[in-house]
Amino acid sequence: MKNRSIPFKLTFWFSVILTVVLGFAFLAMRFSSGMVLQSTIRNYLISTVEENTDKIRYVDDREDTDANIYIPYEDGFLEIDLDFMEVIQDVHTALYTEDGRMLYGENPLSRQMPDVRFEGTYLWNTKYDNVQYDIYDRCLAIDLPDGRALWIRGIVPESRELLQLKDITRLLLIILPFLALLSILSGSVMIAKLLSPLQRIENAAEKISAGEDLSKRIDHGPNNDEIGRLARAFNMMLNRLEHSFETERQFTSDVSHELRTPATVILTQSEYILEKERGIREYTEAFQTVQKQAERMSALIEDMLSYTRIDQRPELYPFEALSLSQIVKEVIGQPVSEENKGITVSAELTEDIKISGNPELVRRLIQNLLSNAYRYGRENGHIWITLHSDNGKAVLTVKDDGIGIEEASKERIFDRFYRGDASRTVQGTGLGLSIVKRISEIHKAEILVESELNIGSTFRILWDKV
Ligand code: ADP
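Residues numbered from 1 in each chain as written. Predicted model: local features only at pLDDT ≥ 70, side-chain atom pairs only at ≥ 80, totals over all residues. Heavy atoms only, no water.

1. Topic: the sheet that holds strand β11 (residues 344-349)
In spatial order, the strands read β11-β13-β14-β16-β15; together these five strands make up an open sheet with mixed pairing. The sheet is open, and its two borders are formed by β11 and β15 (446-452), each paired with just one other strand. In this sheet, neighbouring strand axes are inclined to one another by 10 degrees on average, regardless of whether the strands run parallel or antiparallel. (Pairing = 2+ DSSP bridges. Helix = DSSP H or I, 4+ residues; strand = E, 2+ residues; numbered from the N terminus. Axes fitted to C-alpha atoms, helices over the stretch in contact; angles between N-to-C directions.)

2. What about the domain arrangement of the chain?
As assigned here, the chain comprises domain 1 (57-160), domain 2 (226-312) and domain 3 (317-464). Put simply, the middle of domain 2 and the middle of domain 3, counted by C-alpha atoms, are 24 Å apart. Listed as interface residues are 18 residues of domain 2 and, on the opposing side, 14 residues of domain 3. Taken together, the two surfaces of domain 2 and domain 3 that pack against each other cover about 1,500 Å², and 60% of this comes from carbon and sulfur. Among the residues of domain 2 in contact with domain 3, D303, Y307 and I310 are the three that bury the most area, contributing 43% of the side total. Between the two partners, domain 2 and domain 3, sit two salt bridges. The salt bridge partner of R438 is D311, with a shortest N-O separation of 2.7 Å. Connecting domain 2 to domain 3 are six residue pairs in polar contact (both at pLDDT 80 or more). If you list the elements that add at least two residues to the side of domain 2 that touches domain 3, you get α3 (226-275) and α4 (280-312). Per-element accounting of the side of domain 2 that touches domain 3 gives the leading share, twelve residues, to α4. Of the residues belonging to the side of domain 2 that touches domain 3, the class tally is seven nonpolar, three polar and eight charged. (Domains from an automatic or database assignment. Contact = heavy atoms within 4.5 Å. Buried area = accessible area lost by both parts, 1.4 Å probe. Salt bridge = Lys/Arg side-chain N within 4 Å of Asp/Glu carboxyl O. Polar contact = N/O pair within 3.5 Å; in protein donor to acceptor, adjacent residues only side chain to side chain. Nonpolar A, V, L, I, M, F, W, Y, C, P; charged D, E, K, R; others polar.)

3. Concerning a nonpolar patch on the surface
Taken together, the side chains of F8, F12, W13, V16, I17, V20, V21, F24 and L27 define a hydrophobic patch exposed on the protein surface, amounting to about 870 Å² of accessible area. Relative to the elements of secondary structure, V20 occurs in helix α1 (residues 6-53). For V20, a relative accessible area of 44% translates into the label partly exposed. (Patch = residues over 30% accessible without salt bridge, like charges linked within 9 Å, V, L, I, M, F, W, Y side chains within 5 Å. Areas by Shrake-Rupley, 256 points an atom, 1.4 Å probe, with all protein chains shown as cover. Buried < 20%, exposed > 50% of the residue type's maximum accessible area, 1.4 Å probe, protein only.)

4. Considerations on the packing of helix α5 (residues 324-333) against helix α6 (residues 359-375)
In helix packing, the relevant descriptors are the interaxial angle and the interaxial distance, both defined with respect to the helix axes. The geometry of α5 relative to α6 is characterised by a closest axis approach of 10 Å and an angle of 50 degrees between their N-to-C directions. By the angle class used here, α5 and α6 are oblique. Considering only the axes of α5 and α6, their crossing is right-handed. Across from L324, I327, V328, E330, V331 and I332 in α5, the residues of α6 making contact are P359, V362, R363, I366, Q367 and L370. Class assignment for the residues of the contact of α5 with α6 results in nine nonpolar, one polar and two charged. (Parallel < 35°, antiparallel > 145°, perpendicular 65-115°, else oblique. Left-handed = near helix turned anticlockwise from the far one by under 90°.)

Put into structure tokens, the structure is as follows:
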């Protein structure tokens, strides 16, 4: 059973439960119809006997008509209406003296049980020759000259009930298995149909794990039931997986590409140094090149690690309510690592603007924008930093009057490792703005860029205030 498919298991248990339920239903129906039949027949027996009670009288003289039957009794007659029901629908009725002598009527048991006494008006039953009989005795309220009583006894064999019950049972025995079979068949077809997306999920998962095709998706149809939702969730998971794999592949290829140049330069320079003995000036130049490339590699590795950490594990950077004004002020106050080029920085900051965010990430974002403004700023140029509130948003602007960005590059400056042609002469990794973009996404902040070649660039970040 363990290795059976879910449709098989469901059909199996569904069939077992259905059979048990129908079995119980059958027993209950048989039992209740037996009870109903028995009480119907008993009621019929009693009402037949009761109806016969006023059809008997004691008279002194018989009338000269054929309307009644006359049985001599003592000095007179017992007058019995012609419509006295002796046998009707298996109910036999007979008239008795109180010592059990049958005077008139029919009783299938009168011969076999002549000595049964009348003990009162009540319903009882007895068994004779394997047949159960219901019997109803009724004492008549007739004044007889001998002061004794007359009785009517009604009797009905149970075989009539049994026959009817047998018919019902037979009908149930045909209908119930047929219904069970029909339900099991339609149920198994439904189960197989409903669970067919599971089969498709399994096939897709197998193909993916066999490395066949990550672009495969499950056709979930329009259904929005649990399986439809599971298939959709599975497809979404595949989308994310495919995206992650693609990003990972792209990242690895970008990283290798970016590291190859400095590594090659370092190798060639080292070979050059070791080739033969050289003059001090040549050594110095070669080592300076090696140092520059090693710095570039180190910066690349550092930025890559930061980017991956921020991108993959944002949960490492918990949010808190923080003063953006304070952080901007701190970053501006820090010494600049880039060459200053005589740039003047002016800041116009509204005090105490608060946002919800991670201080380390927010600081990093501002540092990256400021560092770009320095690196792509012009000699003796200017950087303007402003922070103010606008429409419930905190707006941070970093503006420079540097080299600017060409129209064609604006779309790509946030891509990883993208470096504008004009910026190749400037030291950089191409990861600064990718980190800015990821930090903005994590903070649900918006980035706007305005730039004109040779005039300058403005980066604007819009945060939700708290
Ligand atoms: P990096 O500065 O290390 O090259 P970034 O991701 O920070 O990498 O920037 C990507 C590119 O965007 C830069 O190479 C440059 O061409 C352009 N850029 C970024 N900031 C500025 C700016 N303030 N002025 C002009 N160009 C910029």
